[in-house]
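# Reading the structure
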Amino acid sequence: YAGYNHRINREVVFRPSFIMNTAVDAPLSFDINAMATFKDVLDLGLMYRQRDAIGLVFGYKFNSGMYLGYSYEYPVSDIRRVSFMTHELALRFAIKDYSKNRILTPRYFN
């Protein structure tokens, strides 16, 4: 997996990425992704899976630390005879780190 965050301006970050997969008795495969993040809350992107699928990605980060993502893939390989499309939902939570407010080694002196 490799990727890069390229800040275009104060509100837009472009994130191209590349994933290569290999497994025993399976051919080498790769995904190419291009994602743009707007104002650190809205993600829009495209993906291409080698000789298999193309897709769209959408995501939104809420103020509460929750992220909701949606992905749509359209097969371009022979599997499209039996599968017309794929929908995927992603839900991510950010848990606040309270360790900064905690005393790690309390000591009581008289």
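In what follows, the accompanying structure is described. A quick note: this is a predicted structure, and the numbers were derived from the prediction, not measured.

With that out of the way, let us pick up the pattern of salt bridges. Per the stated rule, a full pass over the model turns up four salt bridges. Residue Arg 49 is joined to Asp 52 by a salt bridge in which the shortest nitrogen-to-oxygen separation is 3.6 Å. According to the relative accessible area criterion, Asp 52 is partly exposed, its value standing at 26%. With a closest N to O distance of 3.0 Å, Arg 49 and Glu 73 form a salt bridge. Here Glu 73 lies in strand 7 (residues 66-75) and Arg 49 lies in strand 5 (residues 42-49), a separation of 24 residues in the sequence.

In this structure, Asp 25 is a non-glycine residue whose phi angle is positive, near 60°. You can see Asp 25 is positioned in the loop between strand 3 (12-23) and strand 4 (26-38). Even without being a glycine, Asp 40 presents a positive backbone phi close to 60°. Relative to the elements of secondary structure, Asp 40 occurs in the loop between strand 4 and strand 5. With relative accessibility at 47%, the residue Asp 40 sits in the partly exposed group.

Analysis parameters
- Residues numbered from 1 in each chain as written.
- Predicted model: local features only at pLDDT ≥ 70, side-chain atom pairs only at ≥ 80, totals over all residues.
- Heavy atoms only, no water.
- Salt bridge = Lys/Arg side-chain N within 4 Å of Asp/Glu carboxyl O.
- Buried < 20%, exposed > 50% of the residue type's maximum accessible area, 1.4 Å probe, protein only.
- Helix = DSSP H or I, 4+ residues; strand = E, 2+ residues; numbered from the N terminus.

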